[in-house]
Amino acid sequence: MSRDKAMTAAEVVGRLRTGMTLGIGGWGSRRKPMALVRALLRSDVTDLTVVSYGGPDVGLLAAAGRIRTLVAPFATLDSIALEPHFTAARQRAAFELVELDEAMFMWGLTAAAQRLPFLPVRAGLGSDVPRVNPRLRTVTSPYEDGEELVAVPALRLDAAFVHLNRADLHGNAQYLGPDPYFDDLFCQAADTAYVSCERIVDTADLLKAAGPQTLLVKRAFVTGVVQSPNGAHFTSCVPDHDRDEEFQRAYARAARDPEAWRAFTERFLSGDEEAYQAAVTAFHEERQR
Amino acid sequence: MSGGTATTGVTRAEYCVVACAEAWRHAGEVLASPMGIVPTIGARLARLTFAPDLLLTDGEALLIGDVPAVGERADVVEGWLPYRQHLALVATGRRHVMMGAAQIDRHGNQNISCVGDWSRPTRQLLGVRGAPVNTLNNPTSYWVPRHSRRVFVERVDMVCGAGFDRAAEAGPSATRFHDVREVISDLGVFDFATPDRTMRLRALHPGVTAEQVAQATSFALTVPDEVPRTREPTAAELRLIREVIDPKGARDREVPA
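Conventions and cut-offs
Residues numbered from 1 in each chain as written. Chains lettered and ligands numbered in written order. Predicted model: local features only at pLDDT ≥ 70, side-chain atom pairs only at ≥ 80, totals over all residues. Contact = placed C-beta atoms within 7 Å. Helix = DSSP H or I, 4+ residues; strand = E, 2+ residues; numbered from the N terminus. Nonpolar A, V, L, I, M, F, W, Y, C, P; charged D, E, K, R; others polar. Axes fitted to C-alpha atoms, helices over the stretch in contact; angles between N-to-C directions. Parallel < 35°, antiparallel > 145°, perpendicular 65-115°, else oblique. Core = buried A, V, L, I, M, F, W, Y, C linked by C-beta atoms within 7 Å. Buried ≥ 20, exposed ≤ 12 C-beta atoms within 10 Å, placed from the backbone. Pairing = 2+ DSSP bridges.

Caption draft 1: Highlighting the interface of chain B and chain A. Each partner contributes residues to the interface: chain B has 37 residues there, and chain A has 35 residues. Sorting the residues of the side of chain B that touches chain A by element identifies α3 (83–92), α4 (131–137), α5 (164–170) and α6 (172–175) of chain B as the ones contributing at least two each. Considering every element that reaches the side of chain B that touches chain A, the biggest residue donor is α3 of chain B, with 5 residues. Taken together, the residues of the side of chain B that touches chain A break down into 23 nonpolar, 9 polar and 5 charged.

Listed below in structure tokens is the structure:
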């Protein structure tokens, strides 16, 4: 069949431009499109506005100085509460932060997907979110209640990266874990969306693993599909793999010390994805000895 | 003191569990969202005893139908609550969350985002997370495992969860569903049942004095003439905590004896 959207991670990154707004799916240290992020690190693309329920995607991009503006309600490694590169970058004011509440973020993405300029939410009133986001506006209900609510602006994206369990060549993508996160919204809110997946399968085989409600992302919203086994590593991608807690601990340790981080980068992030996965395998073999 | 209690050897952590559980006593058929180990044990204790209608999650996307020990998998799943539904559920109000606080002030303003000047913090923490949406939409309580002047501050550096003064300033849309209930620490239980809705000492855990609390708090608390003690756990509750919900003693790591 035509409509073959298969591409490599390098081809995906080749379509990005410096200064773009990039949405990254997943949540914290869960089902992050890490192989695509690693490919981005190998390119010259920089000065990005990154929109993310942040995890090590934000950490790696911040450590490499690729973020001009971060739009996020948090950055965390989940089992390790604080993302060390994110905290360090904030403490040296390395990028501009648009700090939004988790629900504001969701409705901002929804507004973008629905081609609305904003959506009204109660969240944010009374907090310092409006203080640190002076461009945020309120909107008054036109009905009898006259309520004044926060108008969360649409978080429209130039490009989105998401990682799912399965996809076909056309961009129909399936999650097999318990939580879809917001990956369909990221794709709908973006002008171009790139799906990496554990395995590309025939369309006819998609429903062999699970029911139709697991078909989260529709091909009409997808520009490119990348087969990238273990492509969410070291974040979780259940049921294909859990979070690699041992590796995440090593990442977090290294991130807290510039010298250790240089060594970590040299060992794991200086080659291509195949070299990365080989280095991870070697890391675990070494530990078992 | 209620009858049938076995009060010998009750640890501070166990009093904290009971105090947390009490926060959900009259919650009804809503989601209990505990953050932290002691609140998690407390919510499960409430569900197993006096608040059987509570909904609980596995900490991820599932509503659990049974009550496993902390860290163990549930055998029964009764519902699905992925993050997108969880965030939407908050706005329905059918939830009582117990969040942590890096800083909290006398008005109940809470900070988990960063310490210092927001534009270049001295210590970046989690970010605002869901604190703004939580405090404006559903009942909210707080859990502080180590009561100190660094946490109970005169002014928080970044208002994440809105307190009473800030909600009032923001107007009727902010106060409409604003409902900050309690603060529970390793020293006692606090609420905002004062004319100006500032923090009041409501109960002391056994072994703690009001002076101790005052010394560990940066602002002046309202202290009634008679401050009750956190109630004793019943023998049945102690057994549930020790044998069913937390047999490995995770509570002692959060609140050391």
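Caption draft 2: Quick look at the packing of helix α9 (residues 245–255) of chain A against helix α10 (residues 258–268) of chain A. Residue and element names in this part refer to chain A. Between α9 and α10, whose axes approach to 7 Å, the crossing angle comes to 135 degrees. Here α9 lies oblique to α10, going by the angle between them. Between α9, through R253, A254 and A255, and α10, the contact on the second element is made entirely by A260, W261 and F264. Per-class residue counts for the contact of α9 with α10 are 5 nonpolar, no polar and 1 charged.

Caption draft 3: Representation of the environment of P239 of chain A in the model. Structurally, P239 of chain A is set in the loop between β12 (224–227) and α9. With residues near it in sequence (within four places) discarded, P239 of chain A still touches L176 and G177 of chain A.

Caption draft 4: How the structure looks around the nonpolar core. Core analysis: the biggest nonpolar cluster contains 162 residues, and A160, F186 and V195 of chain A have the highest contact counts within it. Leaving out residues up to four positions away in the same chain, F186 of chain A has contacts with G23, G25, L109, L157, A160, V162 and A193 of chain A.

Caption draft 5: Expanded view of the sheet that holds strand β11 (residues 188–191) of chain B. Residue and element names in this part refer to chain B. Within the open sheet, the 6 strands sit side by side as β1-β4-β9-β10-β11-β12. Their pairing is mixed. Where the open sheet ends on each side, the last strands, each with one partner, are β1 (31–34) and β12 (200–204). Taken over all neighbouring pairs, the strand axes of this sheet differ in orientation by 20 degrees on average, direction set aside. Where strand β9 (residues 140–144) meets strand β10 (residues 180–185), 4 bridges bridge the pair, whose relative direction is parallel. From the neighbouring strand, V144 faces β10, where its bridge partner is S185. On the sheet, helix α1 (residues 12–23) packs against β4 (95–99), β9, β10 and β11 and is oriented at approximately 175 degrees with respect to β10.

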